[in-house]
Amino acid sequence: MFRFPSFSTLKTLPRTKVSGNKGLIAGLCAVFFLATGSLAQAFDTVILDPGHGGHDRGASIGYVFEKHLALDTARRVEQLLRKQGLKVVMTRSTDVFIPLGGRSAIGNRDGNAIFVSLHYNYNKSGSGHGLETFYCHDRSYMLAGYIQAYLIQETRLQNRGVKHANFHVIRATTKNPAVLVECGFVSNSAERTGMMTGLYRERIAVGVVKGILAFKQAR
Ligand SMILES: [Zn+2]
């Protein structure tokens, strides 16, 4: 049984690192939502988007490919969500290449849904570590906040926060709240060792699912 966030949990939701108007607007929306207890919309379907696939490996070190990690993590999220009675749509459930436009088209196909893209991160120096969740449109901010908060609670990994970005899948998915989760750095040797285990990916999946359920309950 998942626990839903108490007020003290809500107060500790990660603050957006955005500067300028976007961040201010997102912050004000968050305060408004917390004050009124209402969120944008109900949903009964979760669209899961495992990043990359096919010829597009995503981040890779040796034989550790982001496309495989993302797909395995998404399948774990899928199983957990189905157990909770939610409908799940996968943009891909095998190792195939799907163009970005195909992914956002699925994100916009039906209303009454949320869109969650799953990725693993990379940086050249190898020093980057931790988890972060991106949103583009303000309506997606709270979903990003809940997922990020529960990811950190489940994994105790570095909290890189909730951030604004213009990545295609979260920008072009306009019909539903849409977020992109970076589930750890393939380029960081400690995190890479972790993410090669099912336990790490299961903890990520549980964190994502708890965040989704908390967002659903917060209405
Ligand atoms: Zn990626």
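Residues numbered from 1 in each chain as written. Predicted model: local features only at pLDDT ≥ 70, side-chain atom pairs only at ≥ 80, totals over all residues. Heavy atoms only, no water.

## Things to note about the confidence of the model for the protein chain
Condition: Each residue carries a pLDDT score, the predictor's own confidence in it, on a scale running from 0 to 100. Note on contacts: a residue pair qualifies if any of its non-hydrogen atoms lie within 4.5 Å across the two residues.
When pLDDT is averaged along the protein chain, the result is 87; 81% of the residues meet or exceed 70. Contacts from residues 1-40, a stretch scored under 50 in pLDDT, to residues over four places away or in other chains number 63 contacts.

## Topic: the coordination of the zinc ion
Basically, it comes down to this: Listed donors are limited to N, O and S atoms within 2.8 Å of the metal, widened to 3.2 Å for Na, K and Ca; water is not among them, so incomplete-looking sites are possible. Labels follow the DSSP assignment, with helices taken as runs of H or I lasting at least four residues and strands as runs of E lasting at least two, numbered in each case from the N terminus. With a 1.4 Å probe rolled over the protein chains alone, any residue whose accessible area is under 20% of its type maximum counts as buried; one over 50% counts as exposed, and the rest are partly exposed.
Around the zinc ion, the protein contributes the donor atoms His52 (NE2), Glu66 (OE) and His119 (ND1), which lie 2.0 to 2.2 Å from the metal centre. Read in sequence order, the donor residues for the zinc ion give the motif H-x13-E-x52-H. Taken together, the positions of His52 in the loop between β1 (45-50) and β2 (60-61) and His119 in strand β5 (residues 113-121) put the pair 67 residues apart, joining distant regions of the chain. Across this residue pair, the class does not change: His52 and His119 are buried.

## Quick look at the packing of helix α3 (residues 66-83) against helix α8 (residues 198-217)
Stated precisely, the cut-off is as follows: Every axis corresponds to a line fitted to the C-alpha atoms, with the helix fit spanning only the stretch in contact, and the corresponding angles, defined between N-to-C directions, vary from 0 to 180 degrees. Angular relationships are summarised with four words: roughly parallel below 35 degrees, roughly antiparallel beyond 145, roughly perpendicular across 65 to 115, and oblique for the angles in between. Here is the rule for handedness: rotate from the far helix to the near one, and if that takes an anticlockwise turn smaller than a right angle the crossing is left-handed, while a clockwise turn gives right-handed.
At a minimum axis separation of 9 Å, α3 and α8 run at an interaxial angle of 50 degrees. Taken together, the axes of α3 and α8 lie oblique to each other. Here α3 and α8 pass one another in a crossing that is right-handed. For the pair formed by α3 and α8, the contact residues are Leu69, Asp72, Thr73, Arg76, Val77, Leu80 and Leu81 on the first element and Gly198, Arg201, Glu202, Ile204, Ala205, Val206, Val208, Val209 and Ile212 on the second.

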